[in-house]
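# Summary of the model geometry
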Amino acid sequence: MSFLKIPSLLLLIAAGSAAAQTVPIPATTDAQLWAGVGLETILPTAQLGFSLPVSRLGGLTVEPRAQVEVSPVLFFGADLLLAQGNVGWYGGPSVGVTASAGGGWRAGGVLGYRGRTREHLGFYAEGGLRYTVLNDFRVGNGGVPGDTGPHRFTFPSPSVRLGLTYRF
């Protein structure tokens, strides 16, 4: 067996065992609306998202969240949240894209805590660290005179957010 086939075989075995442990969530599990404000790097941002639990992996709920983040740059993103339920700690990988600033993307992860204040109303506090790439990003009047090349701006982007949740 070649060295290339061994990692492929191990990957298939791992994927098969993970798929075997995934269990569909009953239809009574709550969808959730997220609305919050915070800081992305040092810029103020507002977030609006929607999540829906889709399955269980071991003792964790798998809950994809689609969102829009508005700051000086508009991002459309998705997080794959892993949680132990509707209350408590959650976290997972995060990705996003933008058409602003000549296009760009971000990838990283989020970690947060969510709680409940009433039957349907709750809160969350979340932190994240993502790597952001903005193509053709310009500050001020567009750069140095005579500079005609594209400006790619890359940076680590820590974030902190506070917000409210509404469970349907």
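Residues numbered from 1 in each chain as written. Predicted model: local features only at pLDDT ≥ 70, side-chain atom pairs only at ≥ 80, totals over all residues. Heavy atoms only, no water.

### A word on the overall build of the protein chain
Along the protein chain, the regular secondary structure elements total one helix and ten strands. Within the span of the protein chain, comprising 168 residues, buried residues form 34% of the whole. Within the protein chain, residue pairs in contact and separated by at least 24 positions form 51% of the contacts whose partners lie at least 6 positions apart. Accessible area for the protein chain stands at about 9,800 Å²; split by element, carbon and sulfur atoms hold 73% of it. (Helix = DSSP H or I, 4+ residues; strand = E, 2+ residues; numbered from the N terminus. Buried < 20%, exposed > 50% of the residue type's maximum accessible area, 1.4 Å probe, protein only. Contact = heavy atoms within 4.5 Å. Areas by Shrake-Rupley, 256 points an atom, 1.4 Å probe, with all protein chains shown as cover.)

### Observations regarding the pairing of strand β9 (residues 121-134)
By the bridge criterion, 13 bridges tie strand β8 (residues 104-116) to β9 in an arrangement that is antiparallel. Each bridged residue has a counterpart across the sheet, and for A107 the counterpart in β9 is Y131. Hairpin connection from β8 to β9: four residues lie between these consecutive antiparallel strands. Across 14 bridges, β9 lies against strand β10 (residues 153-167) in antiparallel orientation. Within β10, the residue paired with R130 across the bridge is S157. (Pairing = 2+ DSSP bridges.)

### What about the nonpolar core?
Grouped together as the largest cluster of nonpolar side chains are six residues: W34, L81, A83, Y90, V110 and Y124. For A83, the contacting residues outside a window of four places in its chain are G59, L60, T61, W89, Y90 and R114. (Core = buried A, V, L, I, M, F, W, Y, C linked by side-chain atoms within 4.5 Å.)

### Topic: the environment of L39
Its location among the elements puts L39 in strand β2 (residues 32-40). Overall, L39 belongs to the partly exposed group, its relative accessible area being 40%. The spacing of L39 and S159 is 120 residues in sequence and 5.5 Å in space, taken between C-alpha atoms. When neighbours within four sequence positions are excluded, L39 is seen to be in contact with P44, T45, P158, S159 and V160.

### A word on unusual backbone geometry
Non-glycine residue T41 carries a positive phi angle of around 60 degrees. Checked against the element boundaries, T41 lands in the loop between β2 and β3 (43-51).

### Details of the confidence of the model for the protein chain
For the protein chain, mean pLDDT is 82; residues scoring 70 or higher make up 74% of the total. Contacts from residues 1-20, a stretch scored under 50 in pLDDT, to residues over four places away or in other chains number three contacts. (pLDDT = per-residue confidence, 0-100.)

### Some remarks on the pattern of salt bridges
Going through the model one piece at a time under the given rule, you end up with eleven salt bridges. In this structure, the salt-bridge partner of R130 is E40, at a minimum N-O distance of 3.2 Å. You can see R130 sitting in strand β9 and its partner E40 sitting in strand β2, a full 90 residues away along the chain. Grouping residues by exposure puts R130 and E40 together as buried. (Salt bridge = Lys/Arg side-chain N within 4 Å of Asp/Glu carboxyl O.)

### What about the side chain of E63?
In this fold, E63 is placed in strand β5 (residues 60-70). Residue classification places E63 among the buried positions, given a relative accessible area of 1%. Looking at E63, its side chain comes within polar contact range of the side chain of S51, at 2.7 Å. A distance of 3.0 Å separates the side chain of E63 from the side chain of R114, its partner in a polar contact. For E63, the residues in contact, after removing those within four places along its chain, are Q32, W34, S51, L52, P53, D79, L80, L81 and R114. (Polar contact = N/O pair within 3.5 Å; in protein donor to acceptor, adjacent residues only side chain to side chain.)

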